Structure formats: C-alpha cells, structure tokens
Amino acid sequence: MAIIKIFGIVAGSFFIFGLIGIMSGWFDRKLTARIQWRVGPPWWQNFADFIKLTGKETVIPEGANQFLFLAAPVAGIVATVVTGAILISGSFFYPLKWDLIIIIYLLMIPSISIVIAGASSGNVLASVGAGRELKLFLSYELPFILALLVPVVKFGTTEVAEIVKLQHIYRINLGYLSGFIAFFVGIIAFMGKIGYVPFDVSEAETELAAGTIVEYSGLSLALFKLMKWILLSVGISFFVIYFMGGFSNPVVGILKYILVLILIVLIKNTNPRLRIDQILKFSWGWLTMFGLFAIVLAALGC
Amino acid sequence: MVLSLRKKALKKSLFVFHLSTGSCNNCDIEILDCLTPRFDIERFGITLAGSVKHADVLLVTGIGTLKNIERVKKLYQQMPKPGFVVAIGSCACTGGMFRDGYTMAGPLDKIIPVDVYIPGCPPKPEAMIAGIVKLLNSIK
Ligand code: SF4
C-alpha cells in the first residue's frame, strides 16, 4: 500500500512540477520579452517546443558515449522529480527527519548530469562547457549550503516540515535579518544552479554555441529542457517553503511563488554574463561572506 | 493524432540556425533584425538556436564558396529531420552580384535541396517573415 502511495506521490510530483515548470519557463520568456519591449511568445509556446522536440530525430554523435549521453538528462529529471516528491510528501504525507540533507544532495544531481552530458558528447565545445559547469558547480555550492544552513542554526532542526511549522509559530524566515540575507544569497546561488544569465557560462550561446547541450537533439534535448523547467519550479517552491512560510494558504502561496520568479527573471535580465573567474571570486568572496555573516546573525538570534 | 499534434507544434515552434556561406554580412544583419522589438518573431515561436542540432530551419546566406561546400553539406546532414532549408538573399538564390566570382560554387540549390527562396539584396525583414509563412504553409 505504502509503495503505491509513494509511487503516486512521485508521479504527481512529475506532473505538478512539470506543468508549473513549463508555465514558469513561459512566464520567464514573456517577462523577458516585455522588458526588452517585445511582445513575446503565447502561453502554450513551451508546450509546443516540447511536443515538437519529441517528434524530431535524435542524433547521437560518433565520438559519444551512447549510454551516458542518453542517461544524463534522465538522471537529472529523476533527481528533480524526487526532490519535488520529497517536498510534497514532507508537507502532506510523510515528514522525514533529515529531508533537508537529502534535498541538498538531490539538487546537486542536475548539475552533475549536465557535466556528464557535456563530457560524454564528444564535442570540443561541449567539453569546454562541461569544464565551466564543474567550476560553476564548485563556486555556487558553498554559498547555497550556507544559505540553507541559516534556518537550521536558528531553529535547530533539519526537517523541512518542522521548519515550516516553526515559521508559523514565530515569524517567517524572511522576516529575520539573517533569513533575509540568506534568502538572497540562496537565490543568487540557485541561479547558478539553473544556469540563468549572470551564470550561464556553461551554455553561453554566443561563444560556445550551446555549450554542454550542443550535441543534443530531438527527445534528449526535450528531456533537458524539461529538467531545467522542473528544476526551476522545484527550486522556487523550495525557497517559498523554506524561507517564506510555505503554501499553507494556496492563494498567498502562489503569489509568493510568482514574486520569487519575478525576482529571478529581473536579476537575469539586468545582469551581463560573468566570466568564470569573476563568478568564482564573487561566490567565494561576497556570497560566502554574506552567508557566514547570516549564520552568525542566526546564532545570535536576529 | 499524435502525428498531427507534432506537425502543429512544429509549425508553432521553429528553431532557426543561421549559416553564412560567404555573404557580404548584410543579409545576416537583416536576419537579426527580425528578432528586434520592431518585428519580434519570437511571438510566432521562432527562436535562434545556437547549435544546428537544435534547429528545424537552416537559414543560409551567401553564395556558397568553394571552401564552404563541405561545411554546408555536413551541417545539412547534421540537422535533425524534419528540417528545412531557406535561401536568404539574392546571393543564395542565384549568385547575385558575385555570380562570376572565382570562389563561386553555388548557388545554394546546387549544393543542398532548398525549400524556400527569399530574394532581395538584402531582403527586408518583412520579406523574410513572408517567406517563413510560405514555408509554414508548405508543411503538410
Ligand atoms: S544578397 Fe546582397 S546583402 Fe545579401 S549577402 Fe548577397 S550581396 Fe550581401
């Protein structure tokens, strides 16, 4: 019985976060277009892209490692969907004692799958992209974990559901100075995770063609796009749950979600792409410093 | 039903890859004009792809020089099917003012099959959009 339930949660997470992610991806494109004084695509654009890509030929390059080449996007999707399932089951069904740690680990897998995708496709541009993604991964992971550590220090638990409950009893995390700083540090680090513009070195269209995913076509490309969309929606939902008190009131919850999404899109559209050494300096310098500062503040109780 | 859905989706979401085979670069600038706020072809779902493996349409400008023949053929083979080729500018259609040049190996339809010709030196963005609409109507 429990297995059927768990299976249902995972499948539900796939559909819910898939749909929300595709719509968020469209919202991102539309808002970007409006910022650039354009009209932008209609709301079904990402669905059309996805369906079209599933119908196209999938070309596997000659020098590629076939298994890894095809397995990489699937691994990424599985990791993001399971993260979503943990979020859902933590809030409604089975709260896990250590789910924060599991979520941190699972959210690393999409980046690793991108690295594997780039390294296994046997293309020079893709391997340069994979190298850059690896450095990017090293640089943003430290501040990301520091940011997530702040509520743990404040509330003394690593259970996401427990943290949500405590936020309702006291104040949402964003209301504290430490939580406020940690939220922004986390959001910026998360933008590195999804590879949005200030941190899109690994996929830089103008210099690396499409970087790590240059050789992907047809269904495998569609899966990669789906992974990015699911990661976007899961990540934002996680931030809403973890820093802003969650979705206990659905309308307010959706508003919070859209607010975070708008924030991410605005950061994306107002910043130029950074070089990889600048990213490393910025993340290990400013972001890490602010993260540590937030932890100290949290330990002091503000 | 699934097939017709995919056809419909293909019509609504073309990823174009832009290839210059010895053009004077003016046609390329006009292609980029289509993406600017004035014309904004993203509202029809057309986006510029960075890699030919993502593309549905190969936009080719220029006469196709001797050095370029191999590359054009390779890129055409690498494009996942169904894919289309659009010849942009008088150069790609006929050779234009470079037709007697010593590097001339085109026009394009001597090298790869072409679906739509858009003449003009350079063609206006409106003409390109009209050409793409003709391409869309030809997808059955
Ligand atoms: S058609 Fe005219 S504008 Fe276009 S590449 Fe040829 S010469 Fe240049």
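As annotated in an unreviewed UniProt entry, chain B carries the name Formate hydrogenlyase subunit 7 and comes from candidate division TA06 bacterium ADurb.Bin131. The UniProt entry for chain B carries the following text under Cofactor (unreviewed entry): "[4Fe-4S] cluster". Listed under Sequence similarities (unreviewed entry) in UniProt, the entry text for chain B is "Belongs to the complex I 20 kDa subunit family."

Per an unreviewed UniProt entry, chain A goes by NADH-quinone oxidoreductase subunit 8 and derives from candidate division TA06 bacterium ADurb.Bin131.

**Considering the overall build of chain A**
A count of helical and extended segments in chain A gives 11 helices and zero strands. For chain A, the α and β elements follow one another from N to C terminus as α-α-α-α-α-α-α-α-α-α-α. Against the compact-globule benchmark of 19 Å for 302 residues, chain A has a radius of gyration of 19 Å, which places it among compact chains. Projected onto the principal axes, the alpha-carbon positions of chain A cover approximately 55 × 50 × 40 Å. Counting only residues that meet the buried cut, chain A has 54% of its 302 residues in that class. Contacts spanning at least 24 positions in sequence make up 79% of the contacts within chain A whose residues lie at least 6 apart. As presented, chain A carries roughly 13000 Å² of accessible surface, and 75% of it is formed by carbon and sulfur atoms. Mean positive and mean negative side-chain charge positions of chain A (21 and 15 charges, respectively) differ by 8 Å.

**Here we look at the pattern of salt bridges**
Residues and elements named next belong to chain A. In the structure shown here, the tally under the stated rule is 11 salt bridges over all chains. The partner of Asp28 in a salt bridge is Lys268, with the nearest N and O atoms 3.0 Å apart. Remark: Lys268 occurs in helix 10 (residues 250-269) and Asp28 occurs in helix 1 (residues 2-35); sequence separation between them is 240 residues. The exposure classification of Asp28 matches that of Lys268, with both residues buried.

**As for the confidence of the model for chain B**
Mean pLDDT for chain B: 86, with 99% of residues reaching 70 or above. With pTM at 0.90, the complex prediction returns an ipTM value of 0.86.

**Things to note about the side chain of Asn46 of chain A**
When you line up the elements, Asn46 of chain A lands in helix 2 (residues 45-54). Among all residues touching Asn46 of chain A, those that are not within four sequence positions of it are Ile22, Gly25, Trp26, Arg29 and Trp229 of chain A.

**Some remarks on the site of the ligand**
All names here are of chain B. As a matter of local geometry, the ligand sits amid Ser23, Cys24, Asn26, Cys27, Gly89, Ser90, Cys91, Met97, Phe98, Gly120, Cys121 and Pro122. The set of elements that each furnish at least two residues to the shell around the ligand consists of helix 2 (26-33) and helix 4 (89-94). It is helix 4 that contributes the most residues to the shell around the ligand, three residues altogether. A class-by-class count of the residues in the shell around the ligand yields seven nonpolar, five polar and no charged.

Rules used throughout
Residues numbered from 1 in each chain as written. Chains lettered and ligands numbered in written order. Predicted model: local features only at pLDDT ≥ 70, side-chain atom pairs only at ≥ 80, totals over all residues. Heavy atoms only, no water. UniProt positions renumbered as here; feature names shortened; annotations may be inferred. Helix = DSSP H or I, 4+ residues; strand = E, 2+ residues; numbered from the N terminus. Rg over C-alpha atoms; globule rule 2.2 N^0.38 Å. Buried < 20%, exposed > 50% of the residue type's maximum accessible area, 1.4 Å probe, protein only. Contact = heavy atoms within 4.5 Å. Areas by Shrake-Rupley, 256 points an atom, 1.4 Å probe, with all protein chains shown as cover. Lys, Arg positive; Asp, Glu negative; His and termini not counted. Charge placed at Lys NZ, Arg CZ, Asp CG, Glu CD. Salt bridge = Lys/Arg side-chain N within 4 Å of Asp/Glu carboxyl O. pLDDT = per-residue confidence, 0-100. Near = heavy atom within 4 Å. Nonpolar A, V, L, I, M, F, W, Y, C, P; charged D, E, K, R; others polar.

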